[in-house]
Amino acid sequence: MAGKKKAEPVQFTTGIGTLSFVKVLPETADTKPDGTPEYSIQLLIPKTQRDDVRQILAALKKVGEAQWGEAWKKVRRPLRDGDAEADELTEDGTPKRDKYPERLGHYFLNARTTRRPGVYDRQRSPITDPDGIYSGCKGRISLDVYAYAKNGNTGLGFGLNGVQKTADGDAL
């Protein structure tokens, strides 16, 4: 793959799902070892939302094929199945079904960025209070699908552009 041009990212906005591991404001962002803030979020997508899943898969395929041709099917993909991972063990030996029961019946994805994402409510007003957006509320996210090859790993990832909270939900 030497000399091959990197595939252009594909930008899109997801359908509505449940927001989890919400770290999208300066007060909640993680910090990388070099001191750079890292904003991130997980979106849980009910398996019944087939059109949303198809949209995500189409974007992954577009970027993957542009970067690797048919070999894209062998790279890491960031859309994961909560049911398929249910029996895997976490670092502390707990089955994922017990540690993350909210993932059952859902696909999920993680998105991150080092640039502060836009964070908005239903009326598109900025959310600046960390209590205004939380794990368990409903929302959609704006993403870039991109290809990567780093430290011997190749795959597709999701870059986080923005988040819109659409409704309150039960806190996770």
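Data block above holds the structure.
Now for a description of the structure that goes with this document. Here the residue numbering is sequential within each chain, running from 1 through the sequence in written order. pLDDT decides what is reported in this predicted model: residues at 70 or higher carry local features, side-chain atom pairs at 80 or more are listed and counted, and totals for whole chains, interfaces and linings draw on all residues regardless. Excluded from the side-chain calculations are hydrogens and water; all other atoms, namely the structure's heavy atoms, are used.

Here we look at the overall build of the chain
Stage number 1. In this description a helix means any DSSP run of H or I spanning at least four residues, a strand means any run of E spanning at least two, and both kinds are numbered starting from the N terminus. Within the chain one finds two helices and nine strands.
Stage number 2. This radius of gyration counts C-alpha atoms alone. The globule rule is 2.2 Å times how many residues there are, raised to the power 0.38. For 172 residues, the compact-globule estimate of 2.2 N^0.38 gives 16 Å, and the chain sits close to it at 16 Å.
Stage number 3. Overall size of the chain, expressed as C-alpha extent along the three principal axes, is 45 × 35 × 35 Å.
Stage number 4. Note on exposure labels: buried denotes an accessible area under 20% of the residue type's maximum, exposed denotes more than 50%, and partly exposed covers the range between, all computed with a 1.4 Å probe on protein chains only. Taken over 172 residues, the chain has a buried fraction of 41%.
Stage number 5. Summarising the internal contacts of the chain: among those between residues at least 6 apart in sequence, 72% fall at separations of at least 24.
Stage number 6. As displayed, the chain offers around 9800 Å² of accessible surface, 47% of which is attributable to carbon and sulfur atoms.
Stage number 7. Neither His nor the chain termini are counted; the positive set is Lys and Arg, and the negative set is Asp and Glu. Here the site of a charge means NZ on Lys, CZ on Arg, CG on Asp, or CD on Glu. Charge separation in the chain, taken as the distance between the mean sites of 28 positive and 24 negative side-chain charges, equals 7 Å. Any two residues whose heavy atoms approach within 4.5 Å are treated as being in contact. Calculation of accessible area relied on Shrake-Rupley with a 1.4 Å probe; when residues are assessed, cover is drawn exclusively from the protein chains displayed.

Let's talk about the pairing of strand E8 (residues 138-150)
Stage number 1. The sheet contact formed by strand E1 (residues 10-13) and E8 spans four bridges and is antiparallel. Residue pairing for E8: Thr-13 is matched across the bridge by Ser-142.
Stage number 2. Pairing geometry for strand E2 (residues 17-23) and E8, over two bridges, is antiparallel. Bridge assignment links Thr-18 to a residue of E8, and that residue is Lys-138.
Stage number 3. Where E8 meets strand E9 (residues 153-167), 13 bridges bridge the pair, whose relative direction is antiparallel. Following the sheet pairing, Ile-141 is matched in E9 by Val-163.
Stage number 4. Connecting E8 to the next strand, E9, in antiparallel fashion are two residues, including Asn-151 with a positive phi near 50°. Between any two strands, at least two bridges found by DSSP are needed for them to pair.

Overview of the packing of aromatic side chains
Stage number 1. For Phe, Tyr and Trp, where Trp contributes only its six-membered ring, two rings pair if their centres lie within 6.5 Å, and the inter-plane angle classes them as stacked under 30 degrees, edge-to-face over 60, or tilted in between. Evaluation of the coordinates by the stated rule reveals two aromatic pairs.
Stage number 2. Ring geometry for Phe-21 against Tyr-100: centres 6.0 Å apart, planes inclined by 65°, an arrangement best described as edge-to-face. Taken together, the residues Phe-21 in strand E2 and Tyr-100 in the loop between helix H2 (96-99) and strand E6 (106-113) connect sequence positions 79 residues apart.
Stage number 3. The class for Phe-21 is partly exposed, based on a relative accessible area of 37%.

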